[in-house]
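Report on the structure
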Amino acid sequence: MKSIVVLVSGGGTNLQRIIDVIEAKEISNALIQLVVADRDCYAIERAENHNIQTAVIKRGRGFSDRLSKLIPPGTDLIVLAGFLTILSPEFCQQFSGKIINIHPSLLPKYGGNGMWGDFVHKAVLDNQESRSGATVHYVTAGVDQGDIILQKGFDLSPDETLDSLKEKVHKVEYEIFPEAIRKVLTL
Ligand code: GRF
């Protein structure tokens, strides 16, 4: 059985998707052992609704060290599903090859510091990009720079809005995130 820890900061629809896929045995032989948030957020409630153990640790001094102490020994994969704290280089090193993140753009485009949530989508629209999408990648010390595991894009429509773009990106995320987890865990 592979053991997964999920890190969250927000609404947690990607977390929900992962929970559902595991419960439906579309990802078999894996369990979410713990969900950790860096703030109070709805994602924590989602985890609790499925009797998954949770922890909330506040940002600030020694965050990554405190987080590292919470990761159960034997954890196979740490999944960042809308997690907004930058992890320390030491943390990334300690769990090298075991941390993955989902990013709402076609990396390397629209990645890096400050490129999260609506900032990404607004930049894509402002630049009149013809395509966007989502990327699952390994987490390394360089923000959004780790190797890409899976990426999927789509064409923007001429009348694309922030909301319609966000919806399309989420749809792609729900598709590629479980697939990437399966791939990384070789399930
Ligand atoms: C997703 O768009 C993901 O790409 C980004 O944060 C968002 C999280 O959404 N990292 P949700 O909380 O899973 O709904």
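Presented here is a report on the structure given in the accompanying data block. Keep in mind that what you see is a predicted model, and the values were worked out from it rather than measured.

With respect to the sheet that holds strand β5 (residues 99-103)
- The seven strands lie next to each other as β3-β2-β1-β4-β5-β6-β7, forming an open sheet whose pairing is mixed. On the outer flanks of this sheet lie β3 (54-56) and β7 (148-155), each paired with one strand and no other. Each strand of the sheet is rotated relative to its neighbour by a mean of 20 degrees, with strand direction disregarded.
- Here β5 pairs with strand β6 (residues 131-138) via four bridges, running antiparallel. Note on β6: the bridge partner recorded for Ile 100 is Tyr 138.
- Strands β1 (2-8), β2 (30-37), β4 (77-80) and β5 of the sheet are contacted by helix α1 (residues 13-23), whose axis makes an angle of about 160 degrees with β2.

Some remarks on the pairing of β2
- Of all eight residues in β2, six are buried; the element is thus mostly enclosed.
- Of the pairings in the sheet, the one linking β1 to β2 comprises seven bridges and is parallel in character. The residue of β2 that forms the bridge with Lys 2 is Ala 30.
- For β2 and β3, the ladder comprises three bridges, and the chain directions are parallel. The residue of β3 that forms the bridge with Val 36 is Ala 55.
- Read from β2 through helix α2 (residues 42-49) to β3, the crossover connection turns out right-handed.

Cut-offs used in this document
Residues numbered from 1 in each chain as written. Predicted model: local features only at pLDDT ≥ 70, side-chain atom pairs only at ≥ 80, totals over all residues. Heavy atoms only, no water. Pairing = 2+ DSSP bridges. Helix = DSSP H or I, 4+ residues; strand = E, 2+ residues; numbered from the N terminus. Axes fitted to C-alpha atoms, helices over the stretch in contact; angles between N-to-C directions. Contact = heavy atoms within 4.5 Å. Buried < 20%, exposed > 50% of the residue type's maximum accessible area, 1.4 Å probe, protein only. Right-handed = clockwise from strand over helix to strand, strands pointing away.

No statement about biological role is implied by the geometric values presented.
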